[in-house]
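# Per-entry structural report
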Amino acid sequence: ASSPMMIFASQLMHFCTFAFYTPASLDFMSEVLPAKDFLKGQAILGSICSVGSVFATFVGGILLDVLGVSATIGCIIGVAFIGAICFTMAVSNKG
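Everything numeric here is computed off the predicted structure, so don't read it as measured data. (Residues numbered from 1 in each chain as written. Predicted model: local features only at pLDDT ≥ 70, side-chain atom pairs only at ≥ 80, totals over all residues. Heavy atoms only, no water.)

### Quick look at the overall build of the protein
Here is the rule: Each helix is a run of H or I in the DSSP string that is no shorter than four residues. Each strand is a run of E no shorter than two, and both are numbered from the N terminus. Every radius of gyration here is taken over C-alpha atoms, with the globule rule written as 2.2 Å times N^0.38, N being the number of residues. When a residue's accessible area, from a 1.4 Å probe over protein chains only, is under 20% of the maximum for its type it is buried; when over 50% it is exposed; and in between it is partly exposed. Values of accessible area rely on a 1.4 Å probe in the Shrake-Rupley scheme; residue burial ignores everything except the protein chains shown.
Scanning the protein from terminus to terminus reveals three helices and zero strands. Each helix and strand of the protein, ordered N terminal to C terminal, gives the series α-α-α. For 95 residues, the compact-globule estimate of 2.2 N^0.38 gives 12 Å, and the C-alpha radius of gyration of the protein, at 17 Å, exceeds that figure by more than 25%. Along the first, second and third principal axes, the C-alpha set of the protein runs to 45 × 25 × 25 Å. Expressed as a percentage of its 95 residues, the buried residues of the protein come to 5%. Entry remark: accessible area of the protein is about 7700 Å², with carbon and sulfur atoms responsible for 78%.

Structure (structure tokens):
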């Protein structure tokens, strides 16, 4: 970030996307899982988010040390693009 305002803008975007992600994930779980497993699904979702954050931080740190900032950002963009394609295909197959 080139200024503190860029950091605040980034945090605001994270706040807004989380407001869409959480209800959407709960709605998806209520459609996919039986009612008796709904709470188990919420627990698994929380665990996946935690493990994913720790893993991404660990791998991101290694990438920064080995490749540098520009290459790491390129890797992040590539992985995000692949994830978006996988998500789009999964949602389109669901409907």
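### Some details on the layout of surface pockets
Gaps left between atoms are located by rolling a probe of water-molecule size over the structure's atoms. Cut-off, in case you're wondering: Grid points spaced at 1 Å and placed over the protein atoms alone form the basis of the search, with a cavity being a set where a 1.4 Å probe fits but cannot get out and a pocket an open set showing protein on both sides within 12 Å along at least five of seven lines. Lining residues have an atom within 4 Å of a point. Grid points are joined across faces, edges and corners, and a volume is the space filled by probe spheres set on the points. For this classification, Asp, Glu, Lys and Arg are treated as charged, while Ala, Val, Leu, Ile, Met, Phe, Trp, Tyr, Cys and Pro are nonpolar and the rest, including Gly, are polar.
Of the voids in this model, the largest pocket is the one considered here, and its volume is about 390 Å³. Forming the walls of the largest pocket are Phe 55, Ala 56, Val 59, Gly 60, Leu 63, Leu 64, Thr 72, Cys 75, Ile 76, Val 79 and Ala 80. Listed by contribution, the elements that provide at least two residues to the lining of the largest pocket are helix H2 (38-67) and helix H3 (69-94). A total of six residues in the lining of the largest pocket trace back to one element, the largest contributor, which is H2. Here the lining of the largest pocket is composed, by residue class, of nine nonpolar, two polar and no charged. In this structure, the second largest pocket spans a volume of roughly 310 Å³. In terms of lining residues, the second largest pocket is bounded by ten residues, among which Ala 24, Ser 25, Phe 28, Phe 87 and Val 91 are the most central. For the lining of the second largest pocket, the secondary-structure elements that each account for two or more residues are helix H1 (4-32) and H3. Looking at which element gives the most residues to the lining of the second largest pocket, the answer is H1, with six residues.

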